[in-house]
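Spelled out from the first residue to the last, the chains are:
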Amino acid sequence: MSRFTFILIPGSGGSAWYWHLVAPKLEQRGHEAIPISLPAADNTAGLPEYAAAVVHAIGNREPRRVVLVAQSLAGFTAPLVCQEVPVALLVLVNAMIPKPGETPGAWWKNTRHHVARREQNRRNGRPADAPFDPLVDFFHDVPQAVVDEAWAQGEPRQSDAVFASPCTFASWPSVPTRVLIAHDDRFFPAGFQRRVAHERLGISADEMPGGHLVALSHPGELASRLDAYATDVRAA
């Protein structure tokens, strides 16, 4: 079996723990899995520093054997990494997809996320402008034991600095890219994600079960999807 290295980039909070259930399942399939810790708590760290942490973790590995996996906010880090390392494949998982020069802070309005959220809240029987609730929006489909483990760690600190940091790429990197969305994502609704992927990348998204934190709620299914993507790269 040809082994790939999966570089697993977390979203807001930057905690490598997010991938702790997926990484061993990829390793069982014969791959190397490296969950990344980002300098999310650092008020001086922007997207360049996030990307530098990922590039450092990749090190001198053969780029053609590297699969970059970016969840949520990490969608803004991914193209900057791909400018430095010509990886074999980029997989965006429930991810924010940036335009050149866009900041994460501007992305919400530019993508009309607020409209999608209001519609999603109505479908879930909530007030249209219901405030964000992590248990409802993030952990609704995560097993209780994993929720308890997450709560025991405390809320990861996310500095606002990165949200003002522009994503400095001129055009999307020439790296094969897959968009994978979870059809029960309440934070980035599936229809919203499909539209953004089509508008910004011209890509038809793939879907799988789960919510926004799909690596915690469906780690086996996610690992299987990632392994299948790597198999497609190997066969190409």
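Everything below is about the structure shown above.
Summarised in this report is the structure supplied together with it. (Residues numbered from 1 in each chain as written. Predicted model: local features only at pLDDT ≥ 70, side-chain atom pairs only at ≥ 80, totals over all residues. Heavy atoms only, no water.)

### Let's talk about the overall build of the chain
- Within the chain one finds ten helices and six strands.
- Computed over C-alpha atoms, the radius of gyration of the chain comes to 17 Å, within 12% of the 18 Å expected from 2.2 N^0.38 for 236 residues, which places it in the range of a compact globule.
- Across the 236 residues of the chain, 52% fall into the buried class.
- Taking all contacts inside the chain whose residues are at least 6 apart in sequence as the whole, residues at least 24 apart take part in 73%.
- Taken as a whole, the chain presents about 10300 Å² of accessible surface, with 51% of it coming from carbon and sulfur.
- If you average the places of the 22 positive and of the 24 negative side-chain charges in the chain, the two averages end up 5 Å apart. (Helix = DSSP H or I, 4+ residues; strand = E, 2+ residues; numbered from the N terminus. Rg over C-alpha atoms; globule rule 2.2 N^0.38 Å. Buried < 20%, exposed > 50% of the residue type's maximum accessible area, 1.4 Å probe, protein only. Contact = heavy atoms within 4.5 Å. Areas by Shrake-Rupley, 256 points an atom, 1.4 Å probe, with all protein chains shown as cover. Lys, Arg positive; Asp, Glu negative; His and termini not counted. Charge placed at Lys NZ, Arg CZ, Asp CG, Glu CD.)

### A closer look at the pattern of salt bridges
- Using the criterion set out here, one finds ten salt bridges in the structure.
- Taking the shortest distance from any N to any O, the salt bridge between Arg61 and Glu32 comes out at 2.9 Å. Here Glu32 lies in strand 2 (residues 32–35) and Arg61 lies in the loop between helix 2 (47–58) and strand 3 (66–71), a separation of 29 residues in the sequence.
- Arg61 gets classed as partly exposed once you look at its relative accessible area, which sits at 28%.
- Here Asp137 ties to Arg126 by a salt bridge, and the two come within 3.3 Å at their closest N and O atoms. (Salt bridge = Lys/Arg side-chain N within 4 Å of Asp/Glu carboxyl O.)

### Observations concerning the layout of surface pockets
- Estimated volume of the largest pocket: approximately 840 Å³.
- Along its surface, the largest pocket is lined by 30 residues, and Ser12, Phe138, Phe139, Glu155 and Pro156 are the ones closest to its centre.
- Looking at side-chain class alone, the lining of the largest pocket contains 18 nonpolar, eleven polar and one charged residues.
- By volume, the second largest pocket is sized at about 170 Å³.
- Taken together, 14 residues form the lining of the second largest pocket, with Ala116, Arg123, Pro189, Gly191 and Phe192 sitting closest to its centre.
- For the lining of the second largest pocket, the secondary structure elements donating two or more residues are helix 5 (113–123) and helix 8 (190–201). (1 Å grid on protein atoms, 1.4 Å probe; cavity = no way out; pocket = protein on both sides within 12 Å on 5 of 7 lines; lining within 4 Å. Points joined across faces, edges and corners; volume = space filled by probe spheres on them. Nonpolar A, V, L, I, M, F, W, Y, C, P; charged D, E, K, R; others polar.)

### Here's the deal with empty space enclosed by the protein
- Here the structure, examined in full by the defined rule, presents one cavity of 30 Å³ or more.
- Its volume calculated, the largest cavity comes out at about 60 Å³.
- Here the element with the most residues in the lining of the largest cavity is helix 8; it accounts for four residues.
- A per-class count over the lining of the largest cavity returns eight nonpolar, one polar and no charged.

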